[in-house]
Amino acid sequence: MTRVVNVSDIIDTRPVGAFQLRAFLLCGLVLFVDGFDVQGITYVVPTITREWGLVRGQLWPALTAGLVGVMLGAMLLAPLADRVGRRRIIVYSCVAFGTLSLLTLAADSLLSLAALRFLTGLGLGSALPNALGLASEYAPHKHRALVVMFVGSGISLGAIAAGIAATQLVEPFGWRALFVAGGVLPLVLAALLAIGLPESIRFAALLASRRAEAKRLLRRLMPEVRNDDVEVVSHYAQAGKTTVLDLFADGRGAATLCLWVAFFMSLLNVYLAINWLPTSLEASGYTATQASGMTTIYHVGGVLGTYAFGLTMDRLGAHRMVFIALLLAGIGFYTFATATEMQQWTTTAVLALAGIGVIGAQVGVNALATITYPVAMRATGLGWALGVGRVGSIVGPTIIGLMVAGGADARSVYLWCLGPISVGMLAVALLKRRAVPASEPVTVS
């Protein structure tokens with residue numbers, strides 16, 4: 001007699017095992033190399049500016065081009081995973097942005113650097129939402145926000161690693177050495193992913209053509225199950241046909257718009273801070289090494305915030321914790337912009353507080369997206385939310401880059417973050433009222 005097994009019930013009721021932990025770790029490593037590559041260029045902006053004889057802020061087209069690539073990758077390439085699977089897109093994305101990072105060694109002008117950063121961004125943008133989505137789909141429902149927060153901390157850990165690498169590599173070997181590390185790491189990881197990263201069992205069970213694969217994955221979760229005595233199901237509409245219009249169906253329209261606004265405002269602040277923080281610190285009189293170290297502490301604060309909010313999010317509520325994180329971000333930015341006479345250690349502490357809020361809030365809204373959308377549309381939902389958010393990540397750094405290049409004070413410009421933070425807090429509050437639970441329905445044949 002064939003036994004019908006609902007994978008959602010299995011994942012939600014059984015303890016997390018070694019197979020799931022491996023999936024979480026590999027997804028976290030994807031975000032680590034993503035964070036290393038995205039943030040790495042910000043550490044070498046002052047060095048490239050001096051080497052190429054540019055004025056402060058003139059590298060903004062290269063930074064913006066990378067973010068445009070990330071935006072298009074998230075909106076156009078990441079949703080392909082709702083058709084072909086998360087694993088394939090993640091592996092191919094790592095190969096793509098690893099290879100293009102290595103090709104950045106050949107950049108010898110602002111135009112060539114911008115073009116290569118754009119292409120690299122396409123791969124980066126398609127990898128992140130699918131790694132988060134795959135991790136969330138192996139997580140029990142009651143711990144999903146926690147898992148997404150911890151996996152999402154890989155971005156900040158990668159940024160920290162990029163800062164450490166910059167302090168060790170740039171002075172003796174030049175700025176291109178950082179792109180060597182940023183290219184080799186994802187290529188090595190892609191080989192590991194090809195061997196050890198599983199497809200999402202929830203996704204595989206949605207497609208009749210992949211039920212055999214779902215059975216194999218089920219045996220990894222439940223070794224006592226034999227392939228020939230079960231039918232694996234994941235009770236939602238059939239996957240493979242999701243479009244962006246589905247994000248506005250079944251009462252999700254208001255929640256989708258609130259989520260997009262929250263992502264836009266959050267990523268505007270994230271990238272405004274990290275793209276120009278080393279430059280702002282050097283303009284305040286710190287050396288390049290001090291600026292890299294202080295920026296690294298900012299990301300350390302982000303990791304601490306991610307873990308702190310992750311441990312409390314499932315208990316106190318994801319929306320509430322994101323709201324608190326944004327409030328801390330506002331306090332940190334205001335103090336950094338106005339208290340310019342602080343000593344180095346005090347400034348570093350303020351930046352750590354800002355990092356706790358800014359990065360904690362961004363990883364938090366990632367978690368909100370995974371609990372807003374069901375499996376069949378999760379890659380599309382998260383990809384488009386990140387894509388819209390990337391518009392903010394382009395707008396913020398571009399405006400500040402133009403202001404800094406025009407002679408604006410490199411620290412007072414951070415007061416501009418307070419507006420987006422306030423709008424983001426309003427969007428999160430409205431999202432809590434408008435969200436439709438991403439329930440996992442209970443029957444499918």
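Residues numbered from 1 in each chain as written. Predicted model: local features only at pLDDT ≥ 70, side-chain atom pairs only at ≥ 80, totals over all residues. Heavy atoms only, no water.

## Considering the overall build of the protein
Piece 1. A tally of helices and strands in the protein yields 16 helices and 2 strands.
Piece 2. Per-residue burial over the protein gives 60% buried out of 445 residues.
Piece 3. Here the protein carries 31 positive and 22 negative side-chain charges, and the mean point of each set is 5 Å from the other. (Helix = DSSP H or I, 4+ residues; strand = E, 2+ residues; numbered from the N terminus. Buried < 20%, exposed > 50% of the residue type's maximum accessible area, 1.4 Å probe, protein only. Lys, Arg positive; Asp, Glu negative; His and termini not counted. Charge placed at Lys NZ, Arg CZ, Asp CG, Glu CD.)

## So, the pattern of salt bridges
Piece 1. Within this structure, the stated rule accounts for 8 salt bridges.
Piece 2. Between Asp12 and Arg202 there is a salt bridge, and its shortest N-O distance comes to 3.4 Å. With Asp12 in helix H1 (residues 7–13) and Arg202 in helix H9 (residues 201–206), this residue pair connects regions lying 190 residues apart in the sequence.
Piece 3. Assessed through its relative accessible area of 25%, Asp12 is described here as partly exposed. (Salt bridge = Lys/Arg side-chain N within 4 Å of Asp/Glu carboxyl O.)

## Things to note about the packing of helix H2 (residues 18–51) against helix H7 (residues 144–173)
Piece 1. Orientation of H2 relative to H7, taken along the N-to-C sense of each, is 40 degrees, at an axis distance of 6 Å. Considering their axes alone, H2 and H7 lie oblique with respect to each other. The handedness of the crossing between H2 and H7 is right-handed.
Piece 2. Counted by class, the contact of H2 with H7 contains 17 nonpolar, 9 polar and no charged residues. (Axes fitted to C-alpha atoms, helices over the stretch in contact; angles between N-to-C directions. Parallel < 35°, antiparallel > 145°, perpendicular 65-115°, else oblique. Left-handed = near helix turned anticlockwise from the far one by under 90°. Nonpolar A, V, L, I, M, F, W, Y, C, P; charged D, E, K, R; others polar.)

## What about the confidence of the model for the protein?
Piece 1. A residue-level look at the protein finds 92% of positions with pLDDT of 70 or above and a mean pLDDT of 84.
Piece 2. Confidence over residues 439–445 falls short of pLDDT 50; this stretch has 21 contacts with residues more than four positions distant or in other chains. (pLDDT = per-residue confidence, 0-100. Contact = heavy atoms within 4.5 Å.)

## Focus: the nonpolar core
Piece 1. By size, the foremost hydrophobic cluster in this structure holds 132 residues, and its most contacted members are Val30, Leu193, Phe263, Tyr298 and Tyr414.
Piece 2. The element that contributes the greatest number of residues to this core is helix H11 (residues 253–283), accounting for 16 residues.
Piece 3. Residues contacting Tyr414, with those up to four places away along its chain left out, are Leu272, Ala273, Trp276, Leu277, Ser280, Phe333, Phe336 and Ala337. (Core = buried A, V, L, I, M, F, W, Y, C linked by side-chain atoms within 4.5 Å.)

## Details of the environment of Val68
Piece 1. Take Val68: it is sitting in helix H3 (residues 60–77).
Piece 2. Put simply, Val68 and Ile48 are 20 residues apart on the chain and 21 Å apart in space, counted from C-alpha to C-alpha.
Piece 3. Setting aside chain neighbours within four positions, we find Val68 in contact with Phe118 and Ile394.

## So, the packing of aromatic side chains
Piece 1. Inspection of every chain in the model, using the stated rule, returns 8 aromatic pairs.
Piece 2. Between Phe19 and Tyr138 the ring centres are 5.6 Å apart and the planes differ by 85 degrees, which places this aromatic pair in the edge-to-face class. Note that Phe19 is positioned in helix H2 and Tyr138 in the loop between helix H6 (110–137) and H7, a separation of 119 residues in sequence.
Piece 3. Overall, the relative accessible area of 8% leaves Phe19 in the buried class. (Phe/Tyr/Trp six-rings, centres within 6.5 Å; stacked < 30°, edge-to-face > 60°.)

## Considering the packing of H3 against H6
Piece 1. Between H3 and H6, the least distance of the axes is 6 Å, while the angle of their chain directions is 30 degrees. The orientation of H3 relative to H6 falls into the category roughly parallel. As for how H3 packs across H6, the hand of that crossing is right-handed. Where H3 approaches H6, its residues Pro61, Ala62, Ala65, Gly66, Val68, Gly69, Val70, Leu72, Gly73, Ala74 and Leu77 are matched on the opposing element by Leu110, Leu113, Ala114, Arg117, Phe118, Gly121, Leu122, Leu124, Gly125 and Ser126.
Piece 2. Looking at the contact of H3 with H6 residue by residue, the class counts come to 14 nonpolar, 6 polar and 1 charged.

## Section: the side chain of Gln362
Piece 1. Mapped onto the elements of the fold, Gln362 is located in helix H14 (residues 344–372).
Piece 2. With sequence-adjacent residues up to four places away left out, Gln362 is seen in contact with Phe263, Ser266, Leu267, Val270 and Leu386.

## Considering H6
Piece 1. In this model H6 runs 41 Å from its N-terminal to its C-terminal C-alpha over 28 residues, within 8% of the 40 Å that 1.5 Å per residue would give.
Piece 2. Summarising burial for H6: 21 of the 28 residues are buried, a large majority. (Expected span 1.5 Å × (residues − 1).)

## As for the state of the cysteines
Piece 1. The tally for this structure, following the rule as stated, stands at 0 disulfides.
Piece 2. There is no disulfide at Cys94, and the cysteine sulfur nearest it, in Cys27, is 10 Å away. (Disulfide = S-S within 2.5 Å.)

## A look at the environment of Thr372
Piece 1. Following the sequence through the fold, Thr372 ends up in helix H14.
Piece 2. The class for Thr372 is buried, based on a relative accessible area of 3%.
Piece 3. A polar contact of 2.6 Å, which involves the side chain of Thr372, links it to the backbone oxygen of Leu368. (Polar contact = N/O pair within 3.5 Å; in protein donor to acceptor, adjacent residues only side chain to side chain.)

## Examining the environment of Arg252
Piece 1. The topology assignment puts Arg252 in the loop between strand E2 (230–233) and H11.
Piece 2. Exposure remark for Arg252: the relative accessible area of 6% places this residue in the buried category.
Piece 3. Along the sequence, Arg252 and Ala349 sit 97 residues apart, while their C-alpha atoms lie 40 Å from each other.

## Quick word on H7
Piece 1. With 30 residues, H7 should reach 44 Å at 1.5 Å per residue; the first-to-last C-alpha distance of 42 Å fits that figure.
Piece 2. At Ala166, H7 shows its maximal bend, which comes to roughly 35 degrees.
Piece 3. At the exit of H7 stands Gly174, carrying a positive phi of roughly 95 degrees. (Bend = angle between axes of the 7 residues up to and from the residue.)

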